[in-house]
Amino acid sequence: MTPTVTATPIDDYLRRQRELTAVERFAARSDHDTSTSEPASARWWQDRLPAAPPGPGQQYGFRVDLDACTGCKACVAACHSLNGLRPEENWRTVGTLRAPSPTGALHRTVTSACHHCVEPACMEGCPANAYEKDPITGIVRHLDDSCIGCSYCTLTCPYEVPRFDADLGIVRKCDMCADRLSEGEAPACVQGCPTGAITVDVVDVDDLVAEIEAATKDPAGAALVPGAPASSLTVPSTRYVSSDPLPDDLVADDHASVHPGHGHTPLAVMLVLTQVSVGAFLLDGTLRISGDGGGTASVVVALLTGLLALGASVLHLGRPLLAWRALLGLGHSWLSREIA
């Protein structure tokens with residue numbers, strides 16, 4: 001008869017040491033082969049990226065499945081967290097489209113970020129050359145170090161993508177997590193979406209332009225979603241897909257909301273003072289021609305008023321010391337030309 005072996009306290013202790021805790025089991029399950037260059041979670045989002053990078057005449061673009069989007073805003077949280085955004089800053093937003101009738105049941109949640117347009121209005125309008133479009137990927141990036149904080153791009157972009165940060169004194173926006181894409185990793189929003197509603201596609205630029213040009217012949221025009229600006233303005237690369245076509249009469253939940261922008265007091269002061277300066281010059285010239293007066297003092301006052309107006313306009317910038325950069329965009333920006 002085999003004697004019964006009783007486990008000692010040391011045996012129990014060693015057994016418990018070999019048992020993994022919940023955290024350790026999770027870590028082991030998420031662990032991956034360090035001999036590969038793929039991140040541990042690649043299996044969850046690898047199929048949300050194109051098989052190959054863009055070729056000649058192509059670029060990256062977001063693809064959003066409206067049927068899969070639940071409006072959970074996980075993409076917003078992921079973008080905010082992985083990009084280290086400020087508390088009030090968002091590079092991706094989620095809105096809702098609804099039927100105009102109160103009894104209508106149709107609604108769609110729409111997630112949106114920068115559309116990395118083929119003809120980006122932000123880049124064309126920027127007087128400081130603070131934007132660039134990557135010739136290979138087509139990603140439109142904002143160059144924070146070059147930004148003067150004039151906010152002109154927030155006006156030229158029909159989708160209101162660039163956001164001005166008063167504390168930083170510059171504008172910032174989504175860059176499709178270009179650094180991650182270059183390493184074969186999906187953007188934050190793509191990784192964070194639990195339903196796979198957001199993916200990254202390779203878009204053929206010529207086909208996209210032809211598609212938008214053909215759609216603009218329709219009286220309703222071509223737009224990303226109902227109520228969005230005409231795609232012919234900037235040729236956005238984002239594609240919204242749905243199993244059923246969206247009715248053209250859908251409206252955004254906040255279509256009647258008013259969103260005041262930040263104040264432009266220095267520009268208002270500049271406008272008033274420049275008009276006073278020009279009026280003073282004209283009055284002095286008229287008096288001189290009629291022989292009723294005019295003199296050096298009035299001209300000096302008019303000139304000083306004009307210079308004061310120009311000085312006030314610089315205070316409108318988020319980074320006034322870089323005001324000289326506003327002249328770099330003379331070849332493409334009307335704001336640069338106006339300043340000159």
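Residues numbered from 1 in each chain as written. Predicted model: local features only at pLDDT ≥ 70, side-chain atom pairs only at ≥ 80, totals over all residues. Heavy atoms only, no water.

Focus on the overall build of the chain
Selection rule: Strands are runs of DSSP state E lasting at least 2 residues, helices are runs of H or I lasting at least 4, and numbering of each runs from the N terminus. Think of it in three bands: with a 1.4 Å probe and only protein chains considered, a residue is buried below 20% of the maximum accessible area for its type, exposed above 50%, and partly exposed in between. The criterion used for residue contact is that any of the two residues' heavy atoms lie within 4.5 Å. Methods summary: accessible areas were calculated by the Shrake-Rupley approach with a probe of 1.4 Å, and residue burial reflects only the protein chains presented.
Looking only at helices and strands, the chain features 12 helices and 10 strands. Relative to its full complement of 340 residues, the chain shows a buried share of 35%. Sequence-distant contacts in the chain: of pairs separated by 6 or more residues, those separated by 24 or more amount to 65%. Counting every atom, the chain has about 20000 Å² of accessible surface; 59% of that belongs to carbon and sulfur.

Quick look at the side chain of Arg180
How we decide: When charges are counted, Lys and Arg contribute as positive and Asp and Glu as negative, whereas His and the chain ends are disregarded. Salt bridge, as used here: a side-chain nitrogen of Lys or Arg that lies within 4 Å of a carboxyl oxygen of Asp or Glu.
Its location among the elements puts Arg180 in helix H7 (residues 178–182). The charged side chain of Arg180 is buried without a salt bridge, its nearest counter-charge being Glu185 at 4.5 Å. For Arg180, the contacting residues outside a window of four places in its chain are Leu82, Asn83, Glu185, Ala186 and Gln191.

Quick look at helix H11 (residues 296–314)
The test is simple: Given a helix with a known number of residues, its expected span is that number minus one, times 1.5 Å. Arc, as used here, means the arc of the directions from the helix axis to the C-beta atoms.
In this model, H11 (19 residues) spans 28 Å end to end at C-alpha, consistent with the 27 Å of a helix rising 1.5 Å per residue. For H11, the full list of buried residues reads Ala302, Thr305, Gly306, Ala309, Ala312 and Ser313. End-on, the buried residues of H11 take up no more than an arc of 120 degrees, which puts them together on one face. Turned more than 90 degrees away from the buried face of H11, the exposed residues are Thr296, Ala297, Leu304, Leu308 and Leu310. Tucked inside the fold, the buried residues of H11 contact helix H10 (265–290).

A short note on the pattern of salt bridges
Two side chains that carry opposite charge are able to pair once their charged atoms sit near each other. All told, the structure shown has 9 salt bridges when counted by the stated rule. Arg108 is the partner of Asp67 in a salt bridge, and the nearest nitrogen-oxygen pair spans 3.7 Å. Of this pair, Asp67 sits in the loop between strand E1 (58–65) and helix H4 (74–82) while Arg108 sits in strand E3 (residues 107–112), and the two are 41 residues apart along the sequence. The exposure class assigned to Asp67 is partly exposed, which follows from its relative accessible area of 38%. Among the residues examined, Arg108 registers a relative accessible area of 17% and is labelled buried. When the shortest N-O distance is used, the salt bridge between Arg172 and Glu89 registers 2.6 Å. Of this pair, Arg172 sits in strand E7 (residues 170–172) while Glu89 is found in the loop between H4 and strand E2 (93–98), placing the two residues 83 residues apart along the sequence. The burial state of Arg172 is the same as that of Glu89; both residues are buried.

Topic: the environment of Gln191
To keep it simple, the criterion reads: Polar contacts, as counted here, are pairs of nitrogen or oxygen atoms within 3.5 Å of one another; within protein the pair requires one atom able to donate a hydrogen and one able to accept it, and residues that are adjacent in sequence qualify only if both atoms are side-chain atoms.
For Gln191, the position within the fold is in helix H8 (residues 188–192). Of the residues examined, Gln191 reaches a relative accessible area of 24% and is grouped as partly exposed. For the pair formed by Gln191 and Gln46, sequence separation is 145 residues and the distance between their alpha carbons is 9.1 Å. In this structure the side chain of Gln191 is engaged in a polar contact, spanning 2.7 Å, whose partner is the backbone oxygen of Ala186.

Quick word on the environment of Ala130
Relative to the assigned elements, Ala130 resides in the loop between helix H5 (121–125) and strand E4 (131–133). For the pair formed by Ala130 and Gly329, sequence separation is 199 residues and the distance between their alpha carbons is 9.5 Å. When sequence neighbours within four positions are dropped, the list of residues in contact with Ala130 reads Arg141, His142, Leu143, Ser146 and Cys147.

Quick notes on the nonpolar core
The criterion, for reference: Joining through side-chain atoms within 4.5 Å is the link that ties buried Ala, Val, Leu, Ile, Met, Phe, Trp, Tyr and Cys residues into a set, and such a set is a nonpolar core.
In this structure, Phe62, Met176, Val190, Val200 and Tyr240 are the most contacted members of the largest nonpolar core, which totals 35 residues. Of all the elements in the fold, those that place two or more residues in this core are E1, H4, E2, H7, H8 and strand E8 (198–204). In this structure Met176 touches Tyr60, Gly61, Phe62, His116, Ile139, Leu181, Pro187 and Val200, once residues within four positions along its chain are discounted. Membership of the second largest hydrophobic core comes to 16 residues, among which are Tyr131, Cys150, Val171 and Leu317.

Points about the environment of Pro247
One can find Pro247 in the loop between strand E9 (239–241) and strand E10 (251–252). Exposure remark for Pro247: the relative accessible area of 29% places this residue in the partly exposed category. Setting aside anything within four residues of it in sequence, one finds Pro247 in contact with Leu106 and Pro226.

Function-wise, these values are silent; they only describe arrangement.
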